[in-house]
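Each chain is listed here by its residues.
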Number of protein chains: 2
Amino acid sequence: MRKGNASLKPFFEPRAVAVVGASRKSYKPGHVIFTNFLQPEFKGKIYPINPKTKQIAGVKCYPTIGDVPEDIDLVIIAVPARVVSQVMRECVDKGVKAAIIISGGFGEMKGEGKKRENEIREIIKDANIRVIGPNCIGTYDAYTQTDTLFYPRHRLARPPKGSISFISQSGAYGGAVLDWAASQGIGISKFVSYGNMVDVNEIDMLEYLESDPTTRVIIVYMEQTANGRRLIEIAKRIVQKKPIIILKAGSTVAGAHAASSHTGALAGSDAAYRAAFNQAGIIRANISDELFDFALALCSQSPAKNNRIAILTNGGGLGVMATDELVRREMRMAELSPRTIRALRQKLPSRVSVANPIDLTGDADTNRYKIALESILRDRNVDGAIVMVLFQLPAIEPGVVDVIAEANEKYGKPITVCAFGGGFAESCRKILKLKGLPCYSTPDRAVKAMECLVRYGNYLKRKKNRWSRLIHR
Amino acid sequence: MRKGNASLKPFFEPRAVAVVGASRKSYKPGHVIFTNFLQPEFKGKIYPINPKTKQIAGVKCYPTIGDVPEDIDLVIIAVPARVVSQVMRECVDKGVKAAIIISGGFGEMKGEGKKRENEIREIIKDANIRVIGPNCIGTYDAYTQTDTLFYPRHRLARPPKGSISFISQSGAYGGAVLDWAASQGIGISKFVSYGNMVDVNEIDMLEYLESDPTTRVIIVYMEQTANGRRLIEIAKRIVQKKPIIILKAGSTVAGAHAASSHTGALAGSDAAYRAAFNQAGIIRANISDELFDFALALCSQSPAKNNRIAILTNGGGLGVMATDELVRREMRMAELSPRTIRALRQKLPSRVSVANPIDLTGDADTNRYKIALESILRDRNVDGAIVMVLFQLPAIEPGVVDVIAEANEKYGKPITVCAFGGGFAESCRKILKLKGLPCYSTPDRAVKAMECLVRYGNYLKRKKNRWSRLIHR
């Protein structure tokens with residue numbers, strides 16, 4: 001039975017939540033999940049369910065779901081696998097709208113586990129309930145503070161509000177990514193770990209996020225898709241509005257084999273995925289870092305109109321490395337117009353090489369960056385700029401951050417920034433990110449992020465041309 | 001004139017240093033360089049040279065090098081390019097053993113600059129002095145605290161004592177790398193930025209570091225070599241004792257062009273470099289992160305005997321990603337022996353998949369890691385292990401760090417570690433590094449570091465076989 005997208009809303013905006021398996025023992029997943037909902041930022045009602053306890057953290061405990069006197073939007077189930085089907089029956093009887101089954105011990109195991117999973121499918125088949133899991137860590141919504149992650153917050157920090165949403169087939173990896181994002185000050189809208197997909201899969205989530213107003217970019221970790229044809233179909237539509245980045249793991253034979261014992265499903269051929277992703281305009285991440293590197297660029301920068309990129313630096317070595325990386329990818333070094341070259345020659349010291357990459361040299365100050373950056377962004381031969389700053393150099397003031405942000409705003413062309421180094425440079429990276437600039441620790445990462453803006457721009461352009469050809473026929 | 005390696009010692013262990021261009025103005029390079037030598041950790045004498053000042057920071061100032069009443073080992077020159085040749089003449093007259101010319105405005109520029117550089121060459125040709133630079137930032141020795149870097153320490157942190165030495169053609173990039181290393185707690189033995197190579201080049205430095213007792217691994221950033229044939233010749237000899245890792249920038253046509261305006265020299269063909277590096281057993285880094293990622297592995301782990309690697313994780317997704325990355329490279333997934341599989345089946349819960357990658361699952365505790373890690377390291381089919389830990393999971397205690405370190409010590413097989421995430425995971429990464437384990441933030445980095453141990457091991461083995469064949473002939 002297909003159910004509308006609105007049916008997924010209780011996973012992120014529940015008015016009343018019950019945690020089955022809530023416990024007073026702090027090491028139990030049910031304890032962590034229950035106490036997450038006690039944060040004042042969560043505005044809904046919360047009910048602990050446990051037949052052996054009268055109250056937890058001062059909140060009255062109910063023996064079963066059926067005993068709760070009010071309606072429940074979302075039930076989180078963190079009890080042993082063998083009792084999950086009983087709990088699910090109670091949920092259906094109670095008219096619960098949505099359930100997240102955290103428990104493992106289902107389809108990812110052979111024999112008994114597979115049987116249990118089929119039993120769940122049978123129970124929910126004709127019921128009016130949506131189910132995430134089993135074998136997952138559920139959802140996190142930074143705006144409503146709906147948080148079903150069973151990790152203590154001192155171990156796994158929660159990211160602040162932001163505009164990236166993250167769909168992950170792997171719970172443990174997904175959680176660790178959130179923790180990393182929080183440490184980098186990167187904001188999140190919604191997170192979901194969807195596990196064994198007894199009901200909700202990545203396609204349902206993509207469709208839900210398509211119309212989510214706080215989601216600007218969608219990133220996905222998957223080992224296999226629920227339905228390749230449908231994924232491509234809806235991705236084609238969604239990427240017109242917001243970019244989709246997918247890290248598809250299990251892309252080698254050995255990796256696919258490992259994936260099959262991880263989630264119990266079989267990964268498809270990598271070549272098929274690659275072709276399909278290209279066709280649908282899905283951006284592919286090859287390694288973990290790229291997921292957020294690309295998302296940061298896409299959620300703050302406009303796509304590049306073409307692939308002619310200028311590089312600006314105060315350290316020659318960085319310029320050389322970025323150039324190497326750029327021309328190896330789907331980009332070209334922009335040829336500055338004679339007018340730009342004249343302007344730069346006139347305004348910059350003679351030792352500055354005014355060819356692209358522009359090395360402003362080690363004594364470049366904020367003003368030299370301003371002159372050069374404005375000149376190249378004004379140039380019609382330039383579609384985007386990679387700006388690299390060695391903040392270690394004494395001549396450079398932190399104010400260069402404002403210069404870059406203002407030029408980005410004024411000219412609207414995409415910029416990616418590299419601030420290489422530790423301590424002071426790291427602080428500057430964080431400020432740049434707060435100002436909405438995608439900032440990276442190494443030249444290659446800044447270059448790859450620009451490539452992703454070029455490829456997304458290129459995809460949108462191809463689409464548009466195809467449409468206009470159809471219209472003019 | 002070829003001079004012996006001992007002649008380079010004053011660059012790192014000078015007993016008396018003079019700074020020409022020392023200044024009271026804190027923004028001047030000469031000021032920062034001079035005050036670096038006032039740190040109590042520097043045990044030599046220090047003389048500021050400036051004809052316009054009587055004293056700086058309470059230290060008597062001399063008008064010229066010739067006026068200093070005692071012998072000088074090392075002179076650091078931070079004055080405008082046009083006066084450098086005069087200072088160099090004074091150095092020669094005084095019998096100074098070594099000079100570092102920080103100043104730019106030489107061969108990296110056309111016309112006048114090139115002429116000035118030739119003049120310097122002429123002055124030092126028959127003199128008994130060694131010269132680093134011009135257009136460089138000089139040297140840093142963590143042990144003697146010889147520090148000619150003109151960057152304030154709050155901008156560019158200095159790394160602690162360690163066993164990696166770093167030779168960089170680019171000063172600004174080299175400095176930023178030190179800053180990054182310091183932020184990661186990574187130790188350094190010696191650093192040198194050698195600039196335009198009027199005398200000392202990367203080959204001299206490699207030969208010096210070959211017999212440096214505190215250097216275990218040498219890393220190099222270069223845009224072009226002073227002498228390709230000689231580089232390969234001496235590298236072949238050195239890598240028998242310590243590994244050399246080179247990041248060769250300017251490897252594309254556009255990058256080489258950028259390099260030529262950076263340092264004024266022409267980069268050679270990339271294919272030639274690649275072949276030569278392979279032949280000499282030099283490990284090549286392709287991106288900035290790899291330089292230290294590889295160095296960390298090589299300075300703490302023994303090279304792998306063969307390429308059969310086992311992967312251990314408590315997060316299935318990480319296992320899948322690491323497997324993908326591993327089989328794409330020069331490695332194979334180790335096939336665990338029947339005995340190991342039996343032992344693991346017996347000692348671990350039934351839901352643990354005992355095939356490689358071994359997913360200990362989310363509730364794995366320290367003891368489960370201990371059992372699995374010892375079993376696989378004992379297995380003769382396993383040449384090395386990649387151990388991944390999601391420290392976010394509540395069941396894992398920080399004590400797992402000791403388990404990994406002890407197993408590494410006990411079995412002697414190489415290990416690389418991945419601890420993914422922010423905050424808590426980052427602290428655990430630092431502890432792992434302090435315990436001598438190469439630890440990385442993402443699966444792909446841990447896998448690439450292992451590959452580098454496999455390749456170095458493979459190179460040494462090939463060499464050994466060739467020798468034994470020669471001997472038995």
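Residues numbered from 1 in each chain as written. Chains lettered and ligands numbered in written order. Predicted model: local features only at pLDDT ≥ 70, side-chain atom pairs only at ≥ 80, totals over all residues. Heavy atoms only, no water.

Asker: Give a description of the relation of the copies chain B and chain A that names residues and reports values.
Answerer: The two chain copies are connected by a rotation around an axis plus a translation along it. Each copy of the sequence occupies a distinct position, and chain B is placed on chain A by a rotation of 180° and an axial shift of 0.0 Å, giving an RMSD of 0.0 Å. Taken together, the rotation and translation relating the two chain copies correspond to the operation of a two-fold axis. Distance from the rotation axis, computed per C-alpha, reaches its smallest value in chain B at Asp289(B): 6.2 Å. The fraction of interface residues of chain B whose copies in chain A are also interface residues reaches 100%, indicating that both copies meet through the same surface. (Least-squares fit on C-alpha atoms with pLDDT ≥ 70 in both. Contact = heavy atoms within 4.5 Å.)

Asker: So what's going on with the side chain of Lys190(A)? Which residues, and what values?
Answerer: Residue and element names in this part refer to chain A. Assignment of secondary structure puts Lys-190 in strand β11 (residues 190-193). Here Ser-189 takes part through its side chain, which lies 3.5 Å from a polar atom of the side chain of Lys-190. Here Lys-190 is in contact with Phe-12, Tyr-140, Asp-141, Ile-164, Ser-165, Phe-166, Tyr-208, Leu-209, Asp-212 and Thr-214, once residues within four sequence places are set aside. (Helix = DSSP H or I, 4+ residues; strand = E, 2+ residues; numbered from the N terminus. Polar contact = N/O pair within 3.5 Å; in protein donor to acceptor, adjacent residues only side chain to side chain.)

Asker: If you had to explain the packing of helix α12 (residues 366-378) of chain A against helix α13 (residues 400-411) of chain A to someone new, which residues and values would you point to?
Answerer: Residue and element names in this part refer to chain A. Where α12 contacts α13, the two axes come as close as 9 Å, and the packing angle between them is 15°. Here α12 lies roughly parallel to α13, going by the angle between them. Note on packing geometry: the crossing formed by α12 with α13 is right-handed. Contacts between α12 and α13 involve Thr-366, Tyr-369, Lys-370, Leu-373, Glu-374, Leu-377 and Arg-378 on the former and, on the latter, Val-400, Val-403, Ile-404, Ala-407, Lys-410 and Tyr-411. A class-by-class count of the residues in the contact of α12 with α13 yields 8 nonpolar, 1 polar and 4 charged. (Axes fitted to C-alpha atoms, helices over the stretch in contact; angles between N-to-C directions. Parallel < 35°, antiparallel > 145°, perpendicular 65-115°, else oblique. Left-handed = near helix turned anticlockwise from the far one by under 90°. Nonpolar A, V, L, I, M, F, W, Y, C, P; charged D, E, K, R; others polar.)

Asker: An account of the interface of chain B and chain A is needed here, citing residue identities and associated values.
Answerer: Interfaces are often described in size by the accessible area the parts lose on coming together. Each partner contributes to the interface: chain B provides 62 residues, whereas chain A provides 62 residues. Buried surface at the junction of chain B and chain A, summed over both partners, amounts to about 4,700 Å²; 67% is from carbon and sulfur atoms. Per-residue buried area on chain B facing chain A is highest for Arg155(B), Val320(B) and Gln392(B); these three make up 15% of the total on that side. At the boundary of chain B with chain A, the tally comes to 0 salt bridges. For the interface between chain B and chain A, the tally reads 20 residue pairs in polar contact (both at pLDDT 80 or more). The set of elements that each furnish at least two residues to the side of chain B that touches chain A consists of α4 (171-183), α7 (253-263), α9 (288-300), α10 (316-328) and α14 (423-434) of chain B. Sorting elements by how many residues they give to the side of chain B that touches chain A places α10(B) first, with 10 residues. Looking at side-chain class alone, the side of chain B that touches chain A contains 31 nonpolar, 20 polar and 11 charged residues. (Buried area = accessible area lost by both parts, 1.4 Å probe. Salt bridge = Lys/Arg side-chain N within 4 Å of Asp/Glu carboxyl O.)

Asker: So, the environment of Ser269(A): which residues are in play, and what are the values?
Answerer: Its place among the elements puts Ser269(A) in the loop between α7 (253-263) and α8 (270-280). Along the backbone, Ser269(A) and Lys464(A) are 195 residues apart, and their C-alpha atoms lie at a distance of 30 Å.

Asker: An account of the confidence of the model for chain A is needed here, citing residue identities and associated values.
Answerer: This prediction gives chain A a mean pLDDT of 93; 96% of its residues lie at or above 70. This prediction of the complex comes with two scores: 0.92 for pTM and 0.91 for ipTM. (pLDDT = per-residue confidence, 0-100.)

Asker: Provide a residue-level description of the side chain of Gln145(A), including the pertinent values.
Answerer: Residues and elements named next belong to chain A. Within the secondary structure, Gln-145 sits in the loop between β8 (138-141) and β9 (146-147). Judged by relative accessible area, Gln-145 falls into the buried class, the value being 11%. In this structure, Gln-145 is in contact with Glu-41, Phe-42, Tyr-140 and Arg-153, ignoring residues within four places of it in sequence. (Buried < 20%, exposed > 50% of the residue type's maximum accessible area, 1.4 Å probe, protein only.)

Asker: Tell me what's going on with the packing of helix α6 (residues 228-238) of chain B against helix α8 (residues 270-280) of chain B, and back it up with residues and numbers.
Answerer: All names here are of chain B. Interaxial distance between α6 and α8 falls to 8 Å at its minimum, and their mutual angle equals 25°. Classed by the angle they form, the pair α6 and α8 counts as roughly parallel. You can see that α6 and α8 cross each other, and the crossing is right-handed. Contact residues: α6 offers Leu-231, Ile-232, Ala-235 and Lys-236, while α8 offers Ala-276, Phe-277, Gln-279 and Ala-280.

Asker: So what's going on with unusual backbone geometry? Residues and values would help.
Answerer: Pro134(B) follows Gly133(B) through a cis peptide bond whose omega is -5°. For Pro134(B), the position within the fold is in the loop between β7 (130-132) and β8 (138-141). The residue after Asn356(B), namely Pro357(B), is reached through a cis peptide bond having omega 5°. Along the chain, Pro357(B) falls in the loop between α11 (338-347) and β17 (358-359). At Asn135(A), a position not held by glycine, the phi torsion is positive, near 65°. Along the polypeptide, Asn135(A) turns up in the loop between β7 (130-132) and β8. Residue Asn135(A) is classed as partly exposed on the basis of its relative accessible area, which comes to 25%.

Asker: Let's hear about the pattern of salt bridges: which residues, and what values?
Answerer: All names here are of chain A. Throughout the structure, instances matching the rule amount to 66 salt bridges over all chains. Here Arg-130 ties to Asp-204 by a salt bridge, and the two come within 3.7 Å at their closest N and O atoms. One end of the pair, Arg-130, is in strand β7; the other, Asp-204, is in helix α5 (residues 202-210), and 74 residues separate them in sequence. Looking at Arg-130, the relative accessible area reads 3%, which means it is buried.

Asker: Residues and numbers for the state of the cysteines, please.
Answerer: The tally for this structure, following the rule as stated, stands at 0 disulfides over all chains. There is no disulfide at Cys452(A), and the cysteine sulfur nearest it, in Cys299(A), is 11 Å away. (Disulfide = S-S within 2.5 Å.)

Asker: Explain the sheet that holds strand β9 (residues 146-147) of chain B to me, and be specific about the residues and the numbers.
Answerer: Residues and elements named next belong to chain B. The strand order across the open sheet formed by 7 strands is β9-β8-β11-β10-β12-β13-β14, and the pairing between neighbours is mixed. Each edge of the open sheet is held by one strand with a lone partner, namely β9 and β14 (283-285). Bridge count between strand β10 (residues 164-168) and strand β11 (residues 190-193): 3 bridges; the pairing is parallel. Directly across from Phe-166, in β11, lies its bridge partner Phe-191. Running at roughly 160° to β10, α4 makes contact with β8, β10, β11, β12 (217-222) and β13 (244-248) of the sheet. (Pairing = 2+ DSSP bridges.)

Asker: Explain the environment of Gly133(A) to me, using residue names and the numbers behind them.
Answerer: Residue and element names in this part refer to chain A. For Gly-133, the position within the fold is in the loop between β7 and β8. For Gly-133, a relative accessible area of 0% gives the class buried. For Gly-133 and Lys-110, which are 23 residues apart along the polypeptide, the C-alpha to C-alpha distance reads 17 Å. Excluding residues that lie within four positions of it along the chain, Gly-133 makes contacts with Ile-101, Tyr-194, Asn-196, Met-197 and Val-198.

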